[in-house]
Amino acid sequence: MMSHALPRPPRRPLAGLLALAALGAALTGLTQLAVDRPADAAPRQQARTYYLPNVQTRGYTTAELGAARLGAGQAPAGMVGFGYSAIDLVNRGGSALDVKAYLVDFDQKERALQQALGARGAASLPLKRQRQVGLGSYSVRVEANGEVGVLTRGEWPEGGSAFSYAAPERGTELILPLAARDVYSYSSNLHIRNANTASDVNQVELNFFDRAGGLEKSMTLRLDGEESAEYDMRFDAQFDDLPVNAGDGYLNAIHFSAQEPIAVVTYGDELGGIGTSALRARPAGLANRVQHLPLVRANYLGDSLIGIANRENSAVDLTIRYVGAADSPAGAGQTIEQSLRIEARSAAFIDLSTRKRGSVAAPGLPRGSGTNRGFYGSATISASGRVLAAAVEEIFDGQVAKASSGYNAFGPEDLSTAWAVSTSGRASDGRSQYLLVFNPGEAPAALDFALLDGAGRRSAAQAQTLPAGGLRLLSVAAGQQTEQALLESSSPVAVLDYETAFAAANSWGRWGPDSLIEWAVPVPGGGGETPPTGTPEPATDTPEPSDTPEPPSPTTEPGITPSATMPVDPATATPPPPEAPTIYLPMCRRGN
């Protein structure tokens, strides 16, 4: 076990003249305002402290590497060397506030950064510009005198990959729905942060359950007050005894049990090309009988790998309902269902690609004829017990990964009527930014979408109607002074931030800045909100007697036809024409 918070050597040695030709498209997350929660979901309280288990600092930018260091035609290799990060902050309230970010290194020494935020303001702290922060990677504690959305985004330019995640919820019982060891070229890198700095020692268990529900492996680590731990599942010997159960590697959920609250994030690294995804472990109390995946793909700008973890102490039966987007090249407007069972504390995986990494058969979504001619749409999971889900998306050129990203699924408690996303620092990044909005309700949702600058001035808003079960991409054409994109909806929706340097579905091209896609960053109810509970659940947790099945999600009703528009070219891509003629200027906020 290696426990540290940083400057450690790079994950893999720098391979001489590595090709980097992709600026990794650093993603951002969203911040949510109102949240409607089911009765059995653990309540969250307003938070003032947030944790980012890992950030990368003082890595090289593409310009700093220099053209001479770019190996001609050589593919990048994921998380190589040290990357560089930015911390994005969003003020979720109507009053100005101060935010302090404490970067903690291997010796648990702190380096403090401070940022003032205006009322409903946003800011980005690029760590490579902070001279008091040295080369390496750190964990971060963020403190504010008001409620903020906190996330980090960054890149490993030497390897061509990028990541983004919002401050994960913290708790004593957490579940990570998807982690991998050497599944073809995909492996997970775990970061576990002690979120109880007053505790001398916090003992944390990592438990893996096999497909039949039996305990397959258990590990224990000890964390001091400000300490974090990193486990590289590909290279750390502690994972050598994991069996092969997916492709040529290991794929499973991880259940974390701690004496005091922790925060956990994982990077999913594509060692054989470009691509790093980021997923959060979520408190078991947020598991739900309904999980929404707004965006899944099968041979359309990549493929999805879905992970579903059962938090119950008994088996659960699930139905997954896939609905094709209205403009999906294959399966437009079609509904396809699959049923499966997950044993107690176990997990199931559905691979929508042709790589056969799943633990259950894929549902046979239409893949079309030819590259990027397949299916994209939404998926809703309805289960007899409480589950948590996540999706990882990858795009391949032959057997080489060109991009990867991931997001945690939305439970009913993660939907909101008000969202915002930081746009600070995006104007010069060479990427197009969109909000993908999914309406899981049974009635149309009225949307109002606008941009806000640093002085609080709003752009003319777009008013649109999103059909029941529909998907829509809203283009964020942010200028230099734009700080955030704002969205309000008449009913709860799920929102993903979709950023890409990819011009169109047929423009993969060679390795280079235009070939890296970062798909979507999740925006569940996280963003650093107070966790459900600090009390560990019993090891033999069973559904409480008061638990009653929740009604099916509205998206499980038949006859829903989604509506969506995917980007064609950033220069010409525009959002769908308004279905309602009104113009509205909203003010809203929320994040991951």
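Engineer: What is the right way to look at the overall build of the chain in this model?
Structural biologist: When you go through the chain residue by residue, the secondary structure sums to one helix and 31 strands. Here the chain holds 592 residues, and the buried ones make up 65% of them. Taking the intrachain contacts of the chain between residues at least 6 apart in sequence as the baseline, contacts between residues at least 24 apart amount to 83%. Accessible area of the chain: about 19200 Å², with a carbon and sulfur share of 51%.

Engineer: Just checking my understanding: could you explain the sheet that holds strand S4 (residues 97-104) for this structure?
Structural biologist: The strands that make up a sheet pair up through hydrogen bonds in the backbone, lying either parallel or antiparallel. What the four strands build is an open sheet, ordered S2-S7-S4-S5; its pairing is antiparallel. Looking at strand neighbours, the two that pair on one side only are strand S2 (49-57) and strand S5 (110-117), the edges of this open sheet. Across this sheet, the average inter-strand angle for adjacent strands is 25°, counted without regard to direction.

Engineer: Would you mind going over the sheet that holds strand S6 (residues 122-126) with me for this structure?
Structural biologist: One open sheet holds the four strands; their spatial order is S6-S3-S8-S9, and the pairing between them is antiparallel. Only two strands of the sheet have a single partner each, and these edge strands are S6 and strand S9 (161-166). This sheet shows a mean twist of 15° between the axes of neighbouring strands, independent of strand direction.

Engineer: Quick question: what am I supposed to make of the nonpolar core here?
Structural biologist: Generally speaking, nonpolar side chains in soluble globular proteins are found buried as a group. Counting residues in each nonpolar core, the largest one holds 55 residues, and the members touching the most others are Leu293, Ile308, Leu318, Tyr322, Leu435 and Leu487. Examining the composition of this core, we find that eight residues originate from one element, strand S23 (residues 375-397), more than from any other. Residues within four places of Leu318 in sequence aside, it is in contact with Ile308, Gln338, Ser339, Leu340, Ile342, Ile381, Ser382, Ala383 and Val387. Counting residues in hydrophobic clusters, the runner-up holds 41 residues, among them Leu174, Tyr231, Tyr250 and Phe349.

Engineer: Whenever I open this one, the environment of Thr266 confuses me. Can you help?
Structural biologist: Position of Thr266 among the secondary structure elements: in strand S15 (residues 250-270). Overall, Thr266 belongs to the buried group, its relative accessible area being 2%. For the pair Thr266 and Asn54, spaced 212 residues apart in the sequence, the C-alpha separation amounts to 9.2 Å. Beyond its immediate sequence surroundings of up to four residues, Thr266 is in contact with Leu176, Leu178, Ser188, Asn189, Leu190, Ser277, Ala278 and Leu279. Of note is the side chain of Thr266, whose polar atom sits 3.3 Å from the backbone oxygen of Asn189.

Engineer: Would you explain the pattern of salt bridges in this entry?
Structural biologist: Between side chains of opposite charge, a pair can form when the charged atoms approach closely. Under the counting rule described, the total for this entry stands at 19 salt bridges. The partner of Glu312 in a salt bridge is Arg386, and the shortest N-O contact between them spans 2.9 Å. With Glu312 in the loop between strand S19 (303-310) and strand S20 (316-324) and Arg386 in strand S23, this residue pair connects regions lying 74 residues apart in the sequence. With respect to burial, Glu312 and Arg386 carry one shared label: buried. Each of Glu110, Arg141, Glu143, Arg193 and Glu226 takes part in one network of salt bridges that share partners.

Engineer: Looking at this structure, how should I read the confidence of the model for the chain?
Structural biologist: Mean pLDDT over the chain works out to 75, with 69% of the residues at or above the 70 mark. Every residue in residues 1-29 scores below 50 in pLDDT, and together they form 151 contacts with partners more than four places removed in sequence or on other chains.

Engineer: Mind showing me how you'd approach the pairing of S4 here?
Structural biologist: Look at any regular strand and the pattern is simple: side chains alternate between the two faces of the sheet. Burial within S4 is extensive, with six of its eight residues counted as buried. Pairing geometry for S4 and S5, over eight bridges, is antiparallel. What sits directly across from Tyr102, in S5, is Ala112. Relative to strand S7 (residues 136-144), S4 is paired through six bridges, and the arrangement is antiparallel. Bridged to Lys100 within S7 is Glu143.

Engineer: Even after reading the chapter, I still don't get the pairing of strand S12 (residues 202-209), so can you show me in this structure?
Structural biologist: For S12, the tally of buried residues reaches six of eight residues, placing the bulk of the element in the interior. One ladder, built from eight bridges, connects S12 with strand S13 (residues 215-223); its direction is antiparallel. In the strand pairing of S13, Val204 is matched with Leu221. The hairpin turn running from S12 into S13, its antiparallel successor, is five residues long, and Gly213 in that turn takes a positive phi close to 95°. Where S12 and S15 come together, four bridges link them in antiparallel fashion. Residue pairing across strands places Asn207 opposite His255, the latter belonging to S15.

What counts, and where the lines are drawn
- Residues numbered from 1 in each chain as written.
- Predicted model: local features only at pLDDT ≥ 70, side-chain atom pairs only at ≥ 80, totals over all residues.
- Heavy atoms only, no water.
- Helix = DSSP H or I, 4+ residues; strand = E, 2+ residues; numbered from the N terminus.
- Buried < 20%, exposed > 50% of the residue type's maximum accessible area, 1.4 Å probe, protein only.
- Contact = heavy atoms within 4.5 Å.
- Areas by Shrake-Rupley, 256 points an atom, 1.4 Å probe, with all protein chains shown as cover.
- Pairing = 2+ DSSP bridges.
- Axes fitted to C-alpha atoms, helices over the stretch in contact; angles between N-to-C directions.
- Core = buried A, V, L, I, M, F, W, Y, C linked by side-chain atoms within 4.5 Å.
- Polar contact = N/O pair within 3.5 Å; in protein donor to acceptor, adjacent residues only side chain to side chain.
- Salt bridge = Lys/Arg side-chain N within 4 Å of Asp/Glu carboxyl O.
- pLDDT = per-residue confidence, 0-100.

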